[in-house]
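# Breakdown of the fold
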Amino acid sequence: MTERTALVAGASRGLGLGLAAELQRRGWGVVATARDEAGRTRLEAVAREAGGGSLSIEQLDITDAAEIAALRRR
């Protein structure tokens, strides 16, 4: 089975965090973005608990065009 992948921007809290956790639990590969270290810490906890699919964390401020371009290149 091919793993489906989702990009969840703003995944470090609220709806984004819940969506990232649920997608991972359902076996999706998730690329989750966080703006700061506190967000990264919350996402790391989700990655440990949720199981299922993979979850990778990228630092991203969605208001910064250079950071968006760098994420696209990665």
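All values derive from a computational prediction rather than experimental measurement.

### So, the overall build of the chain
For the chain, the count of helices and strands is three helices and three strands. Counting helices and strands in the order they occur from the N terminus, the chain gives β-α-β-α-β-α. Scaling as 2.2 N^0.38, a compact globule of 74 residues should have a C-alpha radius of gyration of about 11 Å, and the chain matches this with 12 Å. By principal-axis analysis of the C-alpha atoms, the chain measures approximately 35 × 25 × 15 Å. Classification of the 74 residues of the chain by burial places 32% in the buried group. Here the chain has roughly 4800 Å² of accessible surface; of this, 52% comes from carbon and sulfur atoms.

### A few points about the environment of L19
Residue placement: L19 occurs in helix α1 (residues 14-25). Along the backbone, L19 and E49 are 30 residues apart, and their C-alpha atoms lie at a distance of 14 Å.

### Regarding the side chain of E58
Inspection of the secondary structure assignment puts E58 in strand β3 (residues 55-59). Looking at E58, the relative accessible area reads 19%, which means it is buried. One polar contact links E58 to R74, side chain to side chain, over a distance of 2.7 Å. When near neighbours in sequence (up to four residues on either side) are disregarded, E58 contacts V31, A32, T33, A34, R40, L71 and R74.

### Some thoughts on the nonpolar core
With 13 residues, the main nonpolar core has A11, V30, A32, L43 and L55 as its most contacted residues. Where this core is concerned, the elements lending two or more residues are β1 (5-8), α1, β2 (29-34), α2 (37-50) and β3.

### What about α1?
For α1, spanning 12 residues, the distance from its first C-alpha to its last is 17 Å, which sits close to the expected 16 Å at 1.5 Å a residue. For α1, the full list of buried residues reads G16, L17, A20, L23 and Q24. Relative to the axis of α1, the buried residues are bounded by an arc of 135 degrees and lie together on one face. Turned more than 90 degrees away from the buried face of α1, the exposed residues are G14 and L15. Note on α1: the residue one or two positions beyond its end, G27, has a positive phi of about 95 degrees.

### Here's the deal with the confidence of the model for the chain
On average, residues of the chain carry a pLDDT of 91, and 96% of them reach 70 or more. Within the chain, β1 carries the highest mean pLDDT (96), whereas α2 carries the lowest (88).

Cut-offs used in this document
- Residues numbered from 1 in each chain as written.
- Predicted model: local features only at pLDDT ≥ 70, side-chain atom pairs only at ≥ 80, totals over all residues.
- Heavy atoms only, no water.
- Helix = DSSP H or I, 4+ residues; strand = E, 2+ residues; numbered from the N terminus.
- Rg over C-alpha atoms; globule rule 2.2 N^0.38 Å.
- Buried < 20%, exposed > 50% of the residue type's maximum accessible area, 1.4 Å probe, protein only.
- Areas by Shrake-Rupley, 256 points an atom, 1.4 Å probe, with all protein chains shown as cover.
- Polar contact = N/O pair within 3.5 Å; in protein donor to acceptor, adjacent residues only side chain to side chain.
- Contact = heavy atoms within 4.5 Å.
- Core = buried A, V, L, I, M, F, W, Y, C linked by side-chain atoms within 4.5 Å.
- Expected span 1.5 Å × (residues − 1).
- Arc of directions from axis to C-beta.
- pLDDT = per-residue confidence, 0-100.

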